[in-house]
Amino acid sequence: MFFGLIAIAAVIALFVIISRQQTRLGLIERELGALRSLVLSGIPQPAPRPGEVAEAAAGEGPAVIAAAVTSPAGEAAPQATAAATPDEPKAEAPAQAGEGTPSEPAGEGQLTQPAAPAEAAVPARAARDVETALGTRWAVWVGGIALALGGLFLIRYTIEAGIFGPGVRLTMAGVLGLVLLAGAEFIRRTGFRVPVQGAAGAYIPAILTGAGAFILFGTVYAAYGIYGFIGPALAFTLLGAIGVATIAVSLVHGLALAGIGLIGAMVTPALVASEAPNPWALFVYLAIVLAATAAIARIRDWKALVAAAFAGTGIWTIVYMTNAPEVNLSTVLFISLASLAVLAFVWLADFLTAGRDDAEPGFDWPSIAPGFFVALTALGLSVDPVFAKAGYASHGAVLLAALLAVALYRPRALPLLFAAGLATALIYLGIIPPATIGADALDVGLGAEPLAASDTLTFRLGIALALVFVAAGFWAARRFAAAAPIRAASWAAWGVIVPLVVLTALWLTFGGIDRDFGYALPALLMVLVFAAGGEWIARAEEPPLRGGPAVSFALGGGGVAGLLMLHMAFGSGWTTVLLGAAAVVPALATRWRSFPVLGWIAVGAAVAVLGRVAFDPTIVGPAALSRTPVFNWLLPGYGVPALAFGFAAWQLARTTNGRPRLAMEAASALFGLLTIAMLVRHAMHGGVIDTGPVTLAEQAIYTLIALGAGAILVAIDLRSPSPVLRYGSMAAGVLSVAFILIRHFVVLNPLLTDESTGAVPFFNLLLLAYLLPAVAAGALALYVRERRPRWYAAMLALVASLLAFAYATLSVRRLFKGEFIGLWSGLGQLETYTYSALWLVIGVALLTAGVWLRSQVLRIASAVLIAVAVLKVFLFDMSELEGVLRALSFIGLGAVLIGIGLFYQRLLTRAARLGAE
């Protein structure tokens, strides 16, 4: 009962809405008549007021917008909106517009009136928009869905009630579907139009056609799947014909109907089952549907429709390959090649005929779908063990080559290039045995099988595909270098990526990892080909030899091939040395070509060397590293790259300059420091650099190296200013301070570790670990006072003061305790007094140095140290010392403090006198 009342109310509301729409349509017809009279009369109209223009833009009706559009250039739109009210007289349209006898237009006063306020118009427009949506769009769509469901419900009711037999029921449903199709065509042919703005999405003929096609589709399926009146072949044919026909009539009914037809056509094979399925029937049917859809979509430029058609075909192909007991390879190749043919000769054919293909920017995004699924098919034929053992990898290579061919023939099908390149790279990365790439680290058993077959056929196909990609990539890159640089860069990139991946995979799978000249020679040949190809592409650029993205990819690929060649041809030590020296080659090449990529190739060599030394700091392996100090593989392994990077930076500074030069400067400085550090560690650990903890002596040497490196970088920066040198020098100083504070004062402090300080009284560990760093930090602070920020110089001066204080204090401790000065050995009274006196002396010395050097940091440090001494005397010496030592402690403290006060008084008096003068 409740639903019945709702239905009655909905019918009444729909009737009211339709009645109001009839009135509205009459009003719009009168407005259009008045507008037509004005246009045909040719009388200029007054300029519109801003409020009226805004009202027209807000959507007051198609008549107003049409008037604004049809007004002559430079003239204002006619004021038709204000006159279009039911209560005012309108200028009637001529009876025969074709006779050229328009009626006399109304006066200007009749056609214009003040615009209504915007605030009052907003609610009215909102109400009319809701009314329009309910009456023109929602009612039509709901009505179409109701017709389609009504047909199905009618069939269901007759089944449940047993009124008619199955044949009569299906006949009635089919007749209903045909009646809806005929009605839609009748309405369309009688000149049906949508007069209300915003209601174009509710095109009644299209909705009726969709409902009719839906009912016919259900009728045929019921005749086959439920009652068995027709066989699979006839059902398949009828369903496919309905789907294709629906797509065809979408040319006059719109995209939505084409989508309905495509969905019906694509689900037909799933609905019609057969005990002995014929894959040829399936894929020929899909090819026909795809071709028809692409042809219709090309006429209307429906990109989403054709992309969906390609995706549906590809999904059926993958489903067949994964579920069929025995895959018919011919059918798979047929549908894949047919998809590419439809893309090239149907969907993209208009671009070539228009002569815009080469210069057209961007790419055709629907091409992503066929590229993805055809590449996935090729990947499956090459990687799946069943297909690979059957020799289907060669057919996968054919599909990859076909993708490249279509991408060359139709340049806007650029996604096919990426799909082919990515699939090829994945195939050949998959043949690498897991043990070769560190299976132990990945917890993969050494007996694990590679993803793809690594046999002779794979080897030969890899070589063939690499040659195809090189040839096609460089030819297309040169072709598009001037008109489409991004497209040229894409071709050049895959022209080098795929051969490099194939060569690396074949080397790791079939070659010798340590040394294999059989692969080094092709790598060297690849270097020459890529370099020549880059030059060939550069000469086709506009302007020539600009060194754009395509050239960068070609030369960058040559650099990577050179690095591979060195790994293939030489052992571990020589590879590292030659990799570093190779950075000189692209730097020297900038003398003849100012390509930006050349500097980055040098940076790539530096990164490769850094990766090698991070993987194996011993250069040649721990077992092969000689124990001879200095003259071992560490010297050329780190030193030669440092020199080569420095020369490359020098050369780049005189040619291309820029960021690569800064990176090479940083790399040169880093490897220079690493050379000294590694040699020191090697010497102090008896030729073994990867075992044993770092001692205080070794750490002191590292700290001195870092401080010295900071000074060297400052000196170089003064001669050749560089942000890398400027910030690198400060980074070296900050790193040194961090080492001192953490390692010298805490972790490796002999007071805490009780490490031996050495048997010699002066030339001992304290001299190396504290006094020499203090001198170095102080000297560096003086050197950078006017050359670096104040905080940096102040930090170094403060650390130098702390190191000097630590050296003096620990030397007193060693004087009383001997070689081992651990805290747990206790304190004597004389030792305690000596510390107080020493700290006061150091405080006075710091004060003197601060005044002489005009360093506020040193003066503050002296004040802090003297304050510490005062606290020690009053809090510690008073309780721990006895007799004359206690008295001397306080006498000395008092004398020092009075002397400091006298010193400051004279200093201030002198400053006041100089200020008065």
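What counts, and where the lines are drawn
Residues numbered from 1 in each chain as written. Predicted model: local features only at pLDDT ≥ 70, side-chain atom pairs only at ≥ 80, totals over all residues. Heavy atoms only, no water. Helix = DSSP H or I, 4+ residues; strand = E, 2+ residues; numbered from the N terminus. Contact = heavy atoms within 4.5 Å. Areas by Shrake-Rupley, 256 points an atom, 1.4 Å probe, with all protein chains shown as cover. Salt bridge = Lys/Arg side-chain N within 4 Å of Asp/Glu carboxyl O. Buried < 20%, exposed > 50% of the residue type's maximum accessible area, 1.4 Å probe, protein only. Patch = residues over 30% accessible without salt bridge, like charges linked within 9 Å, V, L, I, M, F, W, Y side chains within 5 Å. Axes fitted to C-alpha atoms, helices over the stretch in contact; angles between N-to-C directions. Parallel < 35°, antiparallel > 145°, perpendicular 65-115°, else oblique. Left-handed = near helix turned anticlockwise from the far one by under 90°. Core = buried A, V, L, I, M, F, W, Y, C linked by side-chain atoms within 4.5 Å. pLDDT = per-residue confidence, 0-100. Phe/Tyr/Trp six-rings, centres within 6.5 Å; stacked < 30°, edge-to-face > 60°. Lys NZ or Arg CZ within 6 Å of the ring centre and 35° of its normal.

Attention now moves to the overall build of the chain. Within the chain, the regular secondary structure consists of 34 helices and 0 strands. Partitioning the contacts of the chain with sequence separation of at least 6, the portion at a separation of at least 24 is 72%. For the chain, the accessible area works out to roughly 44,700 Å², and carbon and sulfur atoms hold 71% of it.

Bringing the pattern of salt bridges into the picture now. Tallying each qualifying case throughout the model produces 5 salt bridges. Residue Glu535 is joined to Arg539 by a salt bridge in which the shortest nitrogen-to-oxygen separation is 2.9 Å. A salt bridge links Arg593 to Glu535; its shortest N-O distance comes to 2.8 Å. One end of the pair, Arg593, is in the loop between helix 23 (584–589) and helix 24 (596–615); the other, Glu535, is in helix 20 (residues 517–538), with 58 residues separating them in the sequence. When its relative accessible area of 24% is taken as the criterion, Arg593 is described as partly exposed. Taken together, the salt bridges that share partners define one network made up of Glu535, Arg539 and Arg593.

This part takes up a nonpolar patch on the surface. A cluster of nonpolar side chains, namely Leu741, Ile742, Val746, Val747, Leu752, Leu798, Leu802, Leu823 and Trp824, defines an oily patch on the protein surface of about 850 Å² accessible area. Every element with two or more residues in the nonpolar patch is listed here: helix 28 (723–747) and helix 31 (790–817). For Val746, the position within the fold is in helix 28. Note on Val746: relative accessible area 48%, which makes it partly exposed.

Looking now at the packing of helix 30 (residues 765–783) against helix 31. Any two packed helices are characterised by how steeply their axes cross, that is the angle between the axes, and by the distance between the axes. Following both chains from N to C, one finds helix 30 and helix 31 inclined at 155°, their axes separated by 8 Å at the closest point. Classified by the interaxial angle, the pair formed by helix 30 and helix 31 is roughly antiparallel. Between helix 30 and helix 31 the crossing geometry is left-handed. Only Tyr792, Ala793, Leu796, Ala797, Ala800, Leu803, Ala804, Ala806, Tyr807, Leu810, Ser811 and Arg814 of helix 31 make contact with helix 30, whose side of the interface consists of Leu766, Leu767, Ala769, Tyr770, Leu771, Pro773, Ala774, Ala777, Gly778, Leu780 and Ala781.

Residues Tyr428, Trp491 and Met664 are the most contacted members of the largest nonpolar core, which totals 136 residues. The biggest single contributor to this core is helix 19 (residues 485–510), with 13 residues. If we ignore the near neighbours within four places in the chain, the residues touching Met664 are Ala583, Ala602, Val603, Ala606, Phe645, Ala648, Ala649 and Leu652.

Mean pLDDT over the chain: 74, with 63% of residues reaching 70 or higher. Confidence drops under pLDDT 50 across residues 130–141; counting only partners more than four residues distant or on other chains, this segment forms 25 contacts. Contacts from residues 438–448, a stretch scored under 50 in pLDDT, to residues over four places away or in other chains number 9 contacts.

To continue, consider the packing of helix 16 (residues 393–409) against helix 17 (residues 414–429). The N-to-C vectors of helix 16 and helix 17 enclose an angle of 155°; their axes lie 8 Å apart at closest approach. Classed by the angle they form, the pair helix 16 and helix 17 counts as roughly antiparallel. With respect to the hand of their crossing, helix 16 and helix 17 are arranged in left-handed fashion. In this structure, helix 16 uses Leu400, Leu403, Leu404, Val406 and Ala407 to contact helix 17, whose residues at the interface are Leu416, Leu417, Ala420, Ala423, Thr424 and Ile427.

Enumeration over the complete set of coordinates arrives at 12 aromatic pairs. On the basis of an interplanar angle of 85° and a centroid distance of 6.0 Å, the ring pair of Phe418 and Trp494 is categorised as edge-to-face. One end of the pair, Phe418, is in helix 17; the other, Trp494, is in helix 19, and 76 residues separate them in sequence. Trp494 gets classed as buried once you look at its relative accessible area, which sits at 12%. Ring plane angle 85° and centroid distance 5.7 Å describe the contact between Trp574 and Trp633, whose orientation is recorded as edge-to-face. One end of the pair, Trp574, is in helix 22 (residues 572–582); the other, Trp633, is in the loop between helix 24 and helix 25 (634–653), with 59 residues separating them in the sequence. Ring-pair connections join several aromatic residues into one group, and the members of that group are Tyr638, Phe645 and Phe671. Sitting above the plane of the Phe480 ring, Arg487 keeps its charged end 5.3 Å from the centroid. Sitting over the ring of Tyr783, Arg787 keeps its end group 4.6 Å from the ring centre.

Another aspect to go through is unusual backbone geometry. Excluding glycine, most residues fall at negative phi; most peptide bonds, likewise, are trans. The residue after Glu542, namely Pro543, is reached through a cis peptide bond having omega -5°. With respect to the element layout, Pro543 can be found in the loop between helix 20 and helix 21 (549–569). Positioned with a positive phi, Leu545 is a non-glycine residue whose angle comes to about 55°. Structurally, the position occupied by Leu545 is in the loop between helix 20 and helix 21.

Structurally, Thr809 is set in helix 31. For Thr809, a relative accessible area of 14% translates into the label buried.

Along the chain, Thr377 falls in helix 14 (residues 368–383). A residue is classified by how much of its surface remains accessible, and Thr377, at 1% relative accessible area, is buried. Each residue touching Thr377, except ones within four places of it in the same chain, is listed here: Thr317, Ile318, Met321, Val332, Ser336 and Leu399.

Position of Val175 among the secondary structure elements: in helix 6 (residues 166–189). Sequence separation of Val175 and Leu216 is 41 residues, and the distance between their C-alpha atoms is 8.7 Å.

Another aspect to go through is the environment of Met266. Within the fold, Met266 resides in helix 9 (residues 255–271). Take Met266: its relative accessible area is 11%, and that puts it in the buried class. For Met266 and Tyr285, which are 19 residues apart along the polypeptide, the C-alpha to C-alpha distance reads 9.7 Å. In this structure, Met266 is in contact with Leu286, Val289, Ala309, Gly312, Thr313 and Trp316, ignoring residues within four places of it in sequence.

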